[in-house]
Amino acid sequence: MGQELKPLIRSTTVLGVIRDGKAALGSDGQMTLGNTVLKHSTRKIRSLYHGRIITGFAGATADAVTLLDRFEEKLDAYGGKLERAAVELARDWRTDKYLRRLEAMLAVVSQDKALIISGTGDVIEPEDSIVAIGSGSMYALAAARSLLKHTPLSAREIVSESLKIAADICIYTNDHIVIEEL
């Protein structure tokens, strides 16, 4: 018997930037199933821990919401300590029988930290304070790095312009952009 084929859900570019003590995290709104756009305005950004942390997700929406709920519990349990909560979530995600089946990635920013959290147990803090996940992430990351290095644009402006560039290149990314700032 052949392997059961599931439709590949692709959606999203999430980008976060910290500059001059300000953080911004944004995403596009496209949700795609196979070759079909299902929705243009999916919200993939969420504010956590009394508005001090912004997180975005790429991957299966139900899985991501479950992980965001768990992450919020970890933030509460560890008094808002972002790195500790992220490490504990990644550990649980990798080792828990139920959680390890979840298919998503998280990008997280506070005013001074930017992290990527994955289901393989990784908690990555990029050296340049830019986080990018999702199908158009490498396009947005390249644009953000260039804008951060060569312009005086704010974190919000860098996120906006970089997501627009990704939307022009990646067929799984659109220009219905949502951005939150700290």
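An unreviewed UniProt entry annotates the chain as ATP-dependent protease subunit HslV originating from Chlorobium limicola. Quoted verbatim from the Catalytic activity (unreviewed entry) field of UniProt, the annotation for the chain is "ATP-dependent cleavage of peptide bonds with broad specificity."

Trainee: I'm lost on the sheet that holds strand β7 (residues 53-59) in this one. Help?
Mentor: Note on sheets: strands pair through backbone hydrogen bonds, and any given pair is parallel or antiparallel. If you trace the 5 strands from one edge of the open sheet to the other, you get β6-β7-β8-β9-β10, paired in antiparallel fashion. Looking at the sheet topology across the chains shown, the edges are occupied by β6 (45-48) and β10 (123-124). The pairing of strand β9 (residues 114-117) with β10 spans 2 bridges and is antiparallel. Each bridged residue has a counterpart across the sheet, and for Ile117 the counterpart in β10 is Val123. Together, β7, β8 (104-109), β9 and β10 form the strand contacts of helix α2 (residues 82-95), whose direction differs from that of β9 by roughly 5°.

Trainee: Please clarify how the UniProt feature "binding site: Na(+)" (unreviewed entry) in the chain should be interpreted in this entry.
Mentor: UniProt marks Ala167, Cys170 and Thr173 with the feature "binding site: Na(+)" (unreviewed entry), using the numbering shown here. Examined against the element boundaries, Ala167 turns out to sit in helix α4 (residues 155-169). Ala167 sits in the buried class, given a relative accessible area of 17%. If we ignore the near neighbours within four places in the chain, the residues touching Ala167 are Thr173, Asn174 and Asp175. Considering the arrangement of structural elements, one finds Cys170 in the loop between α4 and β12 (178-181). We classify Cys170 as buried; its relative accessible area is 7%. Apart from the residues within four sequence positions on either side, Cys170 is in contact with Ser135, Gly136 and Tyr139.

Parameters at a glance
Residues numbered from 1 in each chain as written. Predicted model: local features only at pLDDT ≥ 70, side-chain atom pairs only at ≥ 80, totals over all residues. Heavy atoms only, no water. UniProt positions renumbered as here; feature names shortened; annotations may be inferred. Pairing = 2+ DSSP bridges. Helix = DSSP H or I, 4+ residues; strand = E, 2+ residues; numbered from the N terminus. Contact = heavy atoms within 4.5 Å. Axes fitted to C-alpha atoms, helices over the stretch in contact; angles between N-to-C directions. Buried < 20%, exposed > 50% of the residue type's maximum accessible area, 1.4 Å probe, protein only.

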